[in-house]
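Geometric and topological summary
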Amino acid sequence: MQLFSSDFKLGILGGGQLGKMLMYDAKRYDLHTKVMDSNQEAPCAKLADEFIIGDITDYDDVVSFGDKVDIITVEIEKINTDALMFLEKKGKKVFPSARTLKVIQSKSDQKDFYKQHNLPTSRFKNYSNLDELRNNFENDNFEFPFVWKSSRFGYDGKGVKIIKNYNDLNFSFENECLIEEKISIQKELSVIVARNISGEMKCFPVVEMEFNENSNLVEYVMCPANISNDIEKRAMQIAMNTSEKFNMVGLLAVELFLTKEDEILINEVAPRPHNSGHHTIECCMTSQFDQHIRSILDLPLGETEILIPGIMVNLVGENKVEGNVIYKNINDIFDIPGVFIHIYGKKKSRLNRKMGHITIVNRDIEKAIEIGKKIKKKIKVVS
């Protein structure tokens, strides 16, 4: 099939910033893109060849959308997987598969998957609701503190709590949830691994992540991670094993804990381009977005080596009341060498909403980190 400058249509479910950055590479290849999102002002709206208003969690909307494209991919997990399964049965190509998405949509199912496939992860226990957890966690030999998570659709720090004592369980939650042993963490790492239809796999270099203690959002992503060659090799092997077990097509971001004892455990995965891979646009031979397109079109994967080290700084809303966004002091950083600014195109800012990112590159990673942390203090996203 002729893909470029043709009638071929790539369908993307979700129109957020990940889709927007995917669009840049799709445009470079002159791929016809069709995007569906419920927000008419979504970041993808102005870039897609066709932009459809629709609900990606609605069965009929997803089926109707999928019928009119050649390949379907996603930039967010919260999709109606029953509709995707129906489309697959009709012969539509869906990457990642509906089955993979369905497992990853549930953190409880994810943890079961790791256990079933002998993939390393922290000790956990799934519960049908919070009452069951309150009545049973002591019998299941969990001691304070432990980590509580909502099973479904928690993201960007939402749906996660550190439970330090019994009183911390005094909140309302009626759905499935899980608890995990609280790990003594040395570093939080991420590996993005690409796998195409033919089974070719390539990992991007391991990155190190720093999180904001209050929001639990990623604040900095540093490439390369400050780890030994042995740890990097083991992290990449775990990522590739995980992608293979999922029979993944496309990108899989594998978030990892490096324990104090140098053990590597899977925290969570995301079956799409990921916040921990934005730096690849400037830092690596191939960006994560280019690699995702190559994967789902079954093209040879691009080289992933680092061209120049760097740090990615997230820009998130700091205003508690939603309003029209203002990027304070951003004009002051344009003259700093090695700074690349990415604004996502969201007109409204609110507390902890991802609004953009800045990548700072430098031959000396320590210098890049120094500049990045100064920029983080300087730029304020408010309304």
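Residues numbered from 1 in each chain as written. Predicted model: local features only at pLDDT ≥ 70, side-chain atom pairs only at ≥ 80, totals over all residues. Heavy atoms only, no water.

A word on helix α9 (residues 288-296)
Burial of α9 is extensive: 8 of the 9 residues sit out of reach of the surface. Within α9 the residues assigned to the buried category are Gln 288, Phe 289, Asp 290, Gln 291, His 292, Ile 293, Ser 295 and Ile 296. Just past α9, the residue Asp 298 takes up positive phi, approximately 60°. (Buried < 20%, exposed > 50% of the residue type's maximum accessible area, 1.4 Å probe, protein only. Helix = DSSP H or I, 4+ residues; strand = E, 2+ residues; numbered from the N terminus.)

Details of helix α4 (residues 98-105)
The element α4 is largely enclosed, with a buried count of 6 among its 8 residues. Looking only at α4, the buried set comprises Ala 98, Thr 100, Leu 101, Val 103, Ile 104 and Gln 105. Each element contacted by the buried residues of α4 is listed here: β4 (71-74), α3 (81-89), β5 (93-94), α5 (107-116), β14 (250-259) and β15 (264-270). (Contact = heavy atoms within 4.5 Å.)

Some words on the nonpolar core
In terms of nonpolar packing, the biggest core is built from 25 residues, with Leu 189, Phe 246, Leu 252, Leu 256, Ile 266 and Val 269 touching the most fellow members. Of all elements in the fold, only α4, α5, β10 (185-195), α7 (229-245), β14 and β15 reach the threshold of two or more residues within this core. Formed by 22 residues, the second largest nonpolar core is a distinct cluster that contains Phe 8, Met 21, Leu 31 and Phe 289. (Core = buried A, V, L, I, M, F, W, Y, C linked by side-chain atoms within 4.5 Å.)

Some remarks on the pairing of strand β16 (residues 310-316)
With 7 of 7 residues buried, β16 is to be regarded as a mostly interior element. Where burial is concerned, the two faces of β16 agree: the one with Gly 310, Met 312, Asn 314 and Val 316 and the one with Ile 311, Val 313 and Leu 315 are both buried. Bridge count for β16 against strand β21 (residues 354-361) is 7 bridges, and the pairing is antiparallel. Counted as the bridge partner of Val 313 is Ile 358 from β21. (Pairing = 2+ DSSP bridges.)

Some thoughts on the sheet that holds β4
In spatial order, the strands read β3-β2-β1-β4-β5; together these 5 strands make up an open sheet with parallel pairing. At either margin of the open sheet sits one strand with a lone partner, and together these are β3 (50-53) and β5. Pairing between strand β1 (residues 9-13) and β4: 4 bridges, direction parallel. When the sheet's bridge partners are listed, Ile 12 is paired in β4 with Thr 73.

Comments concerning the packing of helix α1 (residues 17-28) against α9
Angle between the axes and distance between the axes: these two values describe a pair of packed helices. Running from N to C, α1 and α9 cross one another at 70°; their axes reach a closest spacing of 9 Å. Between α1 and α9, the crossing angle belongs to the class labelled roughly perpendicular. Our pair here, α1 against α9, has a crossing hand that is right-handed. Contact with α1, carried on its side by Leu 18, Met 21, Leu 22, Asp 25, Ala 26 and Arg 28, involves Phe 289, Asp 290, His 292 and Ile 293 of α9 and no other residues of that element. (Axes fitted to C-alpha atoms, helices over the stretch in contact; angles between N-to-C directions. Parallel < 35°, antiparallel > 145°, perpendicular 65-115°, else oblique. Left-handed = near helix turned anticlockwise from the far one by under 90°.)

Re unusual backbone geometry
With an omega of 0°, the peptide bond running from Phe 95 to Pro 96 counts as cis. Note that Pro 96 resides in the loop between β5 and α4. Residue Pro 145 follows Phe 144 across a cis peptide bond; omega there is -10°. Positionally, Pro 145 belongs in the loop between α6 (130-136) and β7 (146-150). Even without being glycine, Asn 247 reaches a positive phi, approximately 55°. Within the fold, Asn 247 resides in the loop between α7 and β14.

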